[in-house]
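Okay, here's what each chain looks like letter by letter:
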Amino acid sequence: MVKKSTTKTAEPDFPSNEILMQEEVVLNTYDECTDYIEYDDTKEFSIPEYCDNIHVAMVNESEDKMTLEFDITHIEAPIANALRRILIAEVPTMALEKIYLYQNTSVIQDEVLCHRLGLLPLCVDPRGFQFPTEKVVGINEKGVDCDEEPAGDATRNLIFKINVSCTKNRNALPNSTDPKTLYHHSSVYSGSFAWVPIGDQKSNYTDSTTPRMVTDDILVAKLRPGQEIEASCHAVKGIGRDHAKFSPVATASYRLLPTIRLNAEITGEAAERLKSVFSEGVIEIEKKGSKRVAVVKDARKDTCSRNVFRHEDLAKVVQLGKNKQHFIFSVESTGALKSSELVVEACKVMETKCRSLRKQIQALIK
């Protein structure tokens, strides 16, 4: 049951830094004068004071360091969104850019195969390389891409080579139908690529940091006896804004921290219903004397489905919202760098952009 108060009380004040979620509308999504919630036009804005209020907390990190969840509080949506966009499009990585295809007798067309190869994620630190200074050689008037493969620049390129041909397995059982048993190299995987050092590149790496594909089990193509793929692939440094293959993250997203307020005591059958309409772990039922009372256990786990508004009695006493200054970030790296390193690199890019903007504004003022 839902315990109602015997005296009339004013509706609880809703904090200005929270979004109010109702059944069909969302209120308080913006601020009256600025995106900066604690803005006070009677005082001079202090950047050091603003930065001191920002807090970052690590919540969860996978064992391989490729997936990260962390919280940032006391910032505004434009800043959080800028960090997200930089993670996706402006943190540089290495990717295969030029494919010198010497042999391709598979069923996959040359241009489709080259596109597939370009999307393979590379496990190499891009911070040790420079951006290319010249455009990649294009097709000439005769339709020839280039006369011969260039040697490559040790400061700007990585070279991976692949040479796989499919042959029959003469030891296969007569009644076998599995291509992996009937043929050798019937499937070409990313593990078939071999890194070829340029100049003294090998001295810059150890066995654990040798440039390679992120995983060896990405299927590239399927072959049958007599078919072959031979190519030399040149990788360059780039950013996701130029092409998605350079994006260092599989996902980079954020959501606001949900808030749930119970404005009345909910017990018995109503408490059980309240628990069932939220995600698991959000609402728990505790014993209070002889009663079983619903309490908010972990609002963070709420998916904001708003199913509670389907129950008229519960909708009157449950208040849903989101904290506009508490951002829950989720970052999943493609494998070039750890997720935590990508966040740091994104912050460096943002700092560089801010310094550049400041310099341009100062030049205009002068």
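Residues numbered from 1 in each chain as written. Predicted model: local features only at pLDDT ≥ 70, side-chain atom pairs only at ≥ 80, totals over all residues. Heavy atoms only, no water.

Asker: Which residues make up helix H7 (residues 339-365), and what values go with them?
Answerer: Look at H7: 39 Å from first C-alpha to last across 27 residues, which is about the 39 Å you get at 1.5 Å a residue. Taken as a whole, H7 has its buried residues at Ser339, Leu342, Val343, Glu345, Ala346, Val349 and Met350. Taken together, the buried residues of H7 touch strand S4 (67-73), helix H2 (77-89), strand S15 (249-262) and strand S18 (318-333). (Helix = DSSP H or I, 4+ residues; strand = E, 2+ residues; numbered from the N terminus. Expected span 1.5 Å × (residues − 1). Buried < 20%, exposed > 50% of the residue type's maximum accessible area, 1.4 Å probe, protein only. Contact = heavy atoms within 4.5 Å.)

Asker: Would you mind going over the pairing of S4 in detail, with residue names and values included?
Answerer: For S4, the tally of buried residues reaches 5 of 7 residues, placing the bulk of the element in the interior. Turn length for the strand S3 (residues 55-61)-S4 hairpin, with the two strands adjacent in sequence and antiparallel, is 5 residues, and the turn residue Lys65 shows positive phi of about 70°. The pairing of S4 with S18 spans 7 bridges and is classified as antiparallel. Along S18, the bridge assignment pairs Thr73 with His326. (Pairing = 2+ DSSP bridges.)

Asker: So what's going on with the environment of Lys65? Residues and values would help.
Answerer: Examined against the element boundaries, Lys65 turns out to sit in the loop between S3 and S4. Note on Lys65: relative accessible area 33%, which makes it partly exposed. Along the primary structure Lys65 and Ser340 are separated by 275 residues, whereas in three dimensions their C-alpha atoms are 7.6 Å apart. Among residues more than four places away in sequence, those in contact with Lys65 are Lys338 and Ser339.

Asker: Give me the lowdown on the side chain of Thr93, citing residues and values where you can.
Answerer: Note that Thr93 resides in strand S5 (residues 93-104). Taking the relative accessible area as the measure of exposure, Thr93 reaches 5% and is therefore buried. A polar atom in the side chain of Thr93 sits 2.6 Å from the backbone oxygen of Phe246. Not counting chain neighbours up to four residues away, the residues in contact with Thr93 comprise Pro126, Val236, Lys237, Gly238, Lys245, Phe246, Ser247, Pro248 and Ala336. (Polar contact = N/O pair within 3.5 Å; in protein donor to acceptor, adjacent residues only side chain to side chain.)

Asker: How would you explain the nonpolar core if you had to name every residue and give the values?
Answerer: Soluble globular proteins: nonpolar side chains tend toward being buried together. The biggest cluster of nonpolar side chains holds 44 residues, and the ones touching the most others in it are Ile266, Leu274, Phe278, Val308, Val318 and Leu320. Two domains each put at least three residues into this core: domain 1 (25-38 + 56-91 + 324-365) and domain 3 (264-316). Non-local contacts of Val308, meaning those with residues more than four positions away in its chain, are made with Leu274, Val277, Phe278, Leu314, Ala315, Val318 and Leu320. Judged by nonpolar contacts, the second largest core, of 27 residues, contains Ile108, Cys166, Phe193 and Leu223. (Core = buried A, V, L, I, M, F, W, Y, C linked by side-chain atoms within 4.5 Å. Domains from an automatic or database assignment.)

Asker: How would you sum up the confidence of the model for the protein chain? Please name residues and give values.
Answerer: Of the residues in the protein chain, 90% reach a pLDDT of 70 or more, and the chain-wide mean stands at 89. Note that pLDDT drops below 50 for residues 5-11; the model gives that stretch 0 contacts with residues more than four away or on any other chain. (pLDDT = per-residue confidence, 0-100.)

Asker: Outline the sheet that holds S5, listing residues and values.
Answerer: Pairing is antiparallel in the open sheet, where 4 strands are placed in the order S5-S14-S7-S11. Here the strands that pair on one side only, and so sit at the sheet edges, are S5 and strand S11 (194-196). Ignoring strand direction, the axes of neighbouring strands in this sheet form an average angle of 30°. Across the sheet, helix H3 (residues 110-118) touches S5 and strand S14 (228-238), and the angle it forms with S5 is around 150°. (Axes fitted to C-alpha atoms, helices over the stretch in contact; angles between N-to-C directions.)

Asker: Give a detailed account of a nonpolar patch on the surface, specifying residues and quantitative values.
Answerer: Taken together, the side chains of Leu357, Ile361 and Ile365 make up a nonpolar region of the molecular surface, amounting to roughly 310 Å² of accessible area. Looking at the element boundaries, Leu357 is found in helix H7. (Patch = residues over 30% accessible without salt bridge, like charges linked within 9 Å, V, L, I, M, F, W, Y side chains within 5 Å. Areas by Shrake-Rupley, 256 points an atom, 1.4 Å probe, with all protein chains shown as cover. Salt bridge = Lys/Arg side-chain N within 4 Å of Asp/Glu carboxyl O.)

Asker: Outline unusual backbone geometry, supporting the account with residue identities and numerical values.
Answerer: In terms of backbone geometry, most residues other than glycine have negative phi values and most peptide bonds are trans. Phi at Asn28 is positive, roughly 60°, even though this residue is not glycine. Tracing the backbone through its elements, the reader meets Asn28 in the loop between strand S2 (26-27) and helix H1 (47-53). A positive phi angle, near 60°, is found at His185, a position not held by glycine. Position of His185 relative to the elements: it lies in the loop between strand S9 (183-184) and strand S10 (187-189). Assessed through its relative accessible area of 51%, His185 is described here as exposed.

Asker: Tell me about the pairing of strand S7 (residues 158-165), residues and numbers included.
Answerer: By the bridge criterion, 8 bridges tie S7 to S14 in an arrangement that is antiparallel. In the strand pairing of S14, Ile162 is matched with Ala231. Bridging between S7 and S11 involves 3 bridges; their strand directions are antiparallel. Within S11, the position partnered with Lys161 by the bridge is Ala194.

Asker: Residues and numbers for the pattern of salt bridges, please.
Answerer: Under the criterion given, the structure shown has 19 salt bridges. Among the salt bridges present, the one from Glu90 reaches Lys353, with a minimum N-O distance of 3.1 Å. Of this pair, Glu90 sits in the loop between H2 and S5 while Lys353 sits in helix H7, placing them 263 residues apart in sequence. Put simply, Glu284 and Lys275 hold a salt bridge, and the shortest N to O gap is 3.9 Å. The exposure class of Glu284 is partly exposed, given its relative accessible area of 27%. Connected through salt bridges with shared partners, the residues Asp125, Arg127, Glu341, Glu345 and Lys348 form a single ionic network.

Asker: Pulling in residues and values, what's your account of the packing of aromatic side chains?
Answerer: Going through the model one piece at a time under the given rule, you end up with 5 aromatic pairs. Ring geometry for Phe45 versus Tyr50: centroids 5.8 Å apart, planes at 50°, classification tilted. In this structure Tyr50 comes out as buried when scored by relative accessible area, which is 10%. With a centroid separation of 5.2 Å and 10° between ring planes, the pair formed by Phe70 and Phe329 is classed as stacked. Taken as a pair, Phe70 in strand S4 and Phe329 in strand S18 lie far apart in primary sequence, 259 residues in all. One cation-aromatic arrangement involves Lys237 over Phe131; the distance from NZ or CZ to the ring centre is 4.8 Å. (Phe/Tyr/Trp six-rings, centres within 6.5 Å; stacked < 30°, edge-to-face > 60°. Lys NZ or Arg CZ within 6 Å of the ring centre and 35° of its normal.)

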